[in-house]
Amino acid sequence: MLQEFINKQFYRIFLITLVFGVLLYGLIGFQSIDELCGAFLFLLFIFHMFHSKNWEINKFFLVVLGIFLFYLFYSIQIHSNSVKGILMDFIIQLKPYLAFFCTYQLAPIFSSKSRKILSDSSIVGWVILLPIGVLGIINPNFFKITMAHASNYAAAITALAIVFLYSSDYSKKNILTFIILLAAGIASGRSKFYGFFIMATFLITYFTKPERIMINFKNAFLFLVIITIMAVVARSKIELYFLQGLSDNADKDYVARFVLYATSFQVFYDYFPLGSGFASFATFASGAYYSHIYEKYEIDGIWGISKSYHSFISDTYYPSLAQFGIVGIILFILFWIYLIKKALHYANITKDMKLTVISVIIIVFFAIENIADATFTSNRGLFFMMMLGLIYSDMKKAIQTNNIND
């Protein structure tokens, strides 16, 4: 049976992506694992399409593909970079959308046995990672030795906690276990994670019933309080990224981010409305195939952005949206609105909060991480987008079971 084959193959890809693309990514140092897993996922999607009776494709997916293909030809036409650089960036930027929509279309089903393995494995993985966190608190360099960076540790803990929650019953015990598992990420010392942990804990403990999902004064006030707490917790990093910037005593490691954010507005304005094109600004490809944009705006001498040392060029995500102009920004915003609307629709129809809360938690994870990391297009991004695709396919099947049109 086709669906059984899809289920088995996707489960393998999912596990490989989790283990080698998230948990061991920093240790093994194979940086192309996410592209490799993404390619296998895409091939599985193509196989599924050719063996299906009809070629039904999500309409929003077609819109995304259409826009990306337009920007591919647009970038080549305006010579935003070399053709190799443009193609590289095209693949990297499309990768998270492919991960979501391919998984969503495949609609894989995890058996009870598979879910039990995932749940137990998450606990085992967490137990193995916990000593790394403890030792990392004592000596932060331990994260570099074992995980390459503290952010990899935080992402691994987040992935394990979410996988555990997804594959387990949505009981109070398991919700508490999820919070405990997630709390281990605090050891990473990342301000972004502190904010994420606060918001995730609030979401899973407060939104226990669909009736609580509404726009009113109480919810608005609670969100304002939570966001204020998050801002206070991350105050030092906010100052480093956006306020200290180019001051004489600013850490050179943070200057690059400040410059990228500041310059992105000028790039957006100068290349309005379609943007500067693929591989032109604040992406890995724009550094690997060094973009003329950096010299044009006289930022090619900045530490981490220079041609000889450009490691910080793709150290954040939001500035890269200047590549795509108003069209790309609208697409990006509409994509997340699309997901949130689907999650709320599911909660209203099924009265089940599990999938809705998990999906919103992942969306919040991206929103926070993308401030100072290109998480959306990274190895971590691939896994979490696959996770979202899996969750939303479950939502669709649950709604169809209730004989209601999605």
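Residues numbered from 1 in each chain as written. Predicted model: local features only at pLDDT ≥ 70, side-chain atom pairs only at ≥ 80, totals over all residues. Heavy atoms only, no water.

Visitor: Help me out: how do you make sense of the packing of aromatic side chains in this one?
Guide: Within a pair of aromatic rings, the relevant descriptors are the distance that separates the centres and the angle that separates the planes. Using the criterion set out here, one finds 59 aromatic pairs in the structure. Both rings, one in phenylalanine 196 and one in phenylalanine 365, keep their centres 5.4 Å apart while their planes meet at 70°; by these two values the pair is edge-to-face. Placement of the pair is phenylalanine 196 in helix α10 (residues 191-206) and phenylalanine 365 in helix α17 (residues 354-369), with a sequence separation of 169 residues. Neither residue differs from the other here; phenylalanine 196 and phenylalanine 365 are each classed as buried. Measuring from centroid to centroid gives 5.8 Å for phenylalanine 268 and phenylalanine 272, while their planes differ by 75°, and the two rings are edge-to-face. Overall, phenylalanine 268 belongs to the partly exposed group, its relative accessible area being 22%. The ring of tyrosine 166 carries the charged tip of arginine 115 above its face, separated from the ring centre by 4.7 Å. Over the face of the ring belonging to tyrosine 166 we find lysine 354, whose NZ or CZ atom lies 5.9 Å from the ring centre. (Phe/Tyr/Trp six-rings, centres within 6.5 Å; stacked < 30°, edge-to-face > 60°. Helix = DSSP H or I, 4+ residues; strand = E, 2+ residues; numbered from the N terminus. Buried < 20%, exposed > 50% of the residue type's maximum accessible area, 1.4 Å probe, protein only. Lys NZ or Arg CZ within 6 Å of the ring centre and 35° of its normal.)

Visitor: Explanation requested: the packing of helix α16 (residues 325-350) against helix α18 (residues 379-401) in the structure shown.
Guide: Two numbers describe a pair of packed helices, the interaxial angle and the distance between the axes. Two elements in contact, α16 and α18, have axes whose closest approach is 10 Å; the angle formed by their N-to-C orientations is 40°. In the packing of α16 onto α18, the handedness of the crossing is left-handed. Contacts from Phe335, Trp336, Leu339, Ile340, Lys342, Ala343, His345, Tyr346 and Thr350 in α16 reach Met385, Leu388, Tyr392, Met395, Ala398 and Ile399 in α18. (Axes fitted to C-alpha atoms, helices over the stretch in contact; angles between N-to-C directions. Left-handed = near helix turned anticlockwise from the far one by under 90°. Contact = heavy atoms within 4.5 Å.)

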